[in-house]
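# Chains, contacts and geometry: an overview
Spelled out, the chains give:
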Amino acid sequence: MSRNMMGIYTIWLRDVRRFWRDRPRIIGATIQPALFLFLLGTGLGRGIVGAFGNDIRGDYLTFIYPGIIGMSILFTSIFSAISIVWDREIGFLKEVMVAPISRWAVAVGKAFGGSTVAVFQGSLMLIFAPFINVHITPAIVITLIPVIFLIAFSITSIGIVVAARMHSMQGFQIIMNFLVLPMFFLSGAMFPITNLPRWMAILVAINPLTYGVDALRGVILGFSNYSLIANMSIISGFGIAMIIAAMIIFGKVE
């Protein structure tokens, strides 16, 4: 068991160090959500508040701010799994698989590594709060960290499940783009999730990021559609299911 714990720690540390040393990646992953927040948010905010009425409380930039943090977590988490495909292409993954640790430890280490990176990236988005008149207190930050981690862990596990079966970077990116954009736009990040057409309401309800964004909005802005406990319970359940699936798949990878 100690070998597995050391294996998890080593894989986690490798992913964190790789991220920390890649400064362009950090800058790019921060600028992209900021552009969505200020450019798209400002443009849409001209007319969208009136369209949704009381469903959007206050300024539109304020409303979408938690959703943009969710976007940062989503992109960082799910694409952190791309390192699995890269490691397979260069032969490093095969070396890890023959190491004296259980294969499930590889999946868990990757999940924790991607989650830690996403927590850091999502936390960076807090620097934009003063520019849109959102007051972030130390108590809010303390509550946000575990919320961000749970969201990141669940989303990272999705990426691991997909990446474990992929053999090319191009194929992984195509599938992830197919998943990421619908997850983001159907999460309530950019618009309220009330009074939607039935087919869209169903898609929103089965989207795990919906509950992540709702939890972020509740912690940061003080209003949400569901309680924090309900949101975290759904995200945790989804995350557990995904990491178990990832562990099983890694056990069968050749």
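Residues numbered from 1 in each chain as written. Predicted model: local features only at pLDDT ≥ 70, side-chain atom pairs only at ≥ 80, totals over all residues. Heavy atoms only, no water.

For the protein, the count of helices and strands is 11 helices and zero strands. Listed N to C, the secondary structure of the protein is α-α-α-α-α-α-α-α-α-α-α in terms of helices and strands. Within the span of the protein, comprising 254 residues, buried residues form 49% of the whole. For the protein, the proportion of contacts with a sequence separation of at least 24, taken over those separated by at least 6, is 82%. On the protein, roughly 12100 Å² of surface is accessible, and the fraction owed to carbon and sulfur atoms is 69%. (Helix = DSSP H or I, 4+ residues; strand = E, 2+ residues; numbered from the N terminus. Buried < 20%, exposed > 50% of the residue type's maximum accessible area, 1.4 Å probe, protein only. Contact = heavy atoms within 4.5 Å. Areas by Shrake-Rupley, 256 points an atom, 1.4 Å probe, with all protein chains shown as cover.)

Applying the stated rule across the entire model yields nine aromatic pairs. Look at Phe38 and Phe128: their rings are 5.8 Å apart centre to centre, the planes differ by 70°, and that puts the pair in the edge-to-face class. Note that Phe38 is positioned in helix H2 (residues 23-52) and Phe128 in the loop between helix H6 (103-124) and helix H7 (138-163), a separation of 90 residues in sequence. Aromatic ring contacts, followed pair by pair, group Phe19, Trp20 and Phe120 into a single cluster. The ring centre of Phe63 lies 4.0 Å from the NZ or CZ of Arg217, which sits over that ring. (Phe/Tyr/Trp six-rings, centres within 6.5 Å; stacked < 30°, edge-to-face > 60°. Lys NZ or Arg CZ within 6 Å of the ring centre and 35° of its normal.)

Take the nonpolar core next. With 71 residues, the main nonpolar core has Tyr65 and Phe172 as its most contacted residues. Considering each element in turn, this core owes the most residues, 13 residues, to H7. (Core = buried A, V, L, I, M, F, W, Y, C linked by side-chain atoms within 4.5 Å.)

This part covers the environment of Val106. On the secondary structure map, Val106 appears in helix H6. Val106 sits in the buried class, given a relative accessible area of 3%.

The backbone of Asn133 shows a phi angle near 60°, a positive value even though the residue is not glycine. Mapping Asn133 onto the fold places it in the loop between H6 and H7. Looking at Asn133, the relative accessible area reads 72%, which means it is exposed.

Put simply, H6 and H7 touch, their axes get as near as 8 Å, and they point 130° apart. Relative to H7, the element H6 lies oblique. The element H6 and its partner H7 pack so that their crossing is right-handed. Taking contact as the criterion, the partners of Ala107, Lys110, Ala111, Phe112, Gly114, Ser115, Ala118, Val119, Gly122 and Ser123 in H6 are, on H7, Ile145, Ile148, Phe149, Ala152, Phe153, Thr156, Ser157 and Ile160. When its residues are assigned to classes, the contact of H6 with H7 shows 11 nonpolar, six polar and one charged. (Axes fitted to C-alpha atoms, helices over the stretch in contact; angles between N-to-C directions. Parallel < 35°, antiparallel > 145°, perpendicular 65-115°, else oblique. Left-handed = near helix turned anticlockwise from the far one by under 90°. Nonpolar A, V, L, I, M, F, W, Y, C, P; charged D, E, K, R; others polar.)

Here the focus is the environment of Phe131. Summarising the element assignment, Phe131 is placed in the loop between H6 and H7. Given a relative accessible area of 62%, Phe131 falls into the exposed group.

This part covers the packing of H7 against helix H8 (residues 169-185). Their axes nearest at 11 Å, the elements H7 and H8 cross at an angle of 150°. Judged on the interaxial angle alone, H8 and H7 are roughly antiparallel. Here H7 and H8 pass one another in a crossing that is right-handed. Taking contact as the criterion, the partners of Ile155, Ile158, Gly159, Val162 and Ala163 in H7 are, on H8, Phe172, Ile175, Met176, Leu179 and Met183. Partitioning the contact of H7 with H8 into residue classes produces nine nonpolar, one polar and no charged.

The full count for this structure, using the stated rule, is one salt bridge. A salt bridge links Lys110 to Asp15; the nearest nitrogen and oxygen atoms lie 3.3 Å apart. In this pair, Lys110 sits in helix H6 while Asp15 sits in helix H1 (residues 2-21), placing the two residues 95 residues apart along the sequence. Side by side, Lys110 and Asp15 carry an identical accessibility label, which is buried. (Salt bridge = Lys/Arg side-chain N within 4 Å of Asp/Glu carboxyl O.)

With that out of the way, let us pick up a nonpolar patch on the surface. Where nonpolar side chains cluster on the molecular surface, the patch consists of Ile27, Ile31, Leu35 and Leu39 and spans about 400 Å² of accessible area. Position of Leu39 relative to the elements: it lies in helix H2. Take Leu39: its relative accessible area is 60%, and that puts it in the exposed class. (Patch = residues over 30% accessible without salt bridge, like charges linked within 9 Å, V, L, I, M, F, W, Y side chains within 5 Å.)

The next subject is the confidence of the model for the protein. Confidence in the prediction of the protein, expressed as mean pLDDT, is 83, and 89% of residues score 70 or more. The secondary-structure element of the protein with the lowest mean pLDDT is helix H5 (residues 92-97), recorded at 68, while helix H10 (residues 208-221) shows the highest, at 93. (pLDDT = per-residue confidence, 0-100.)

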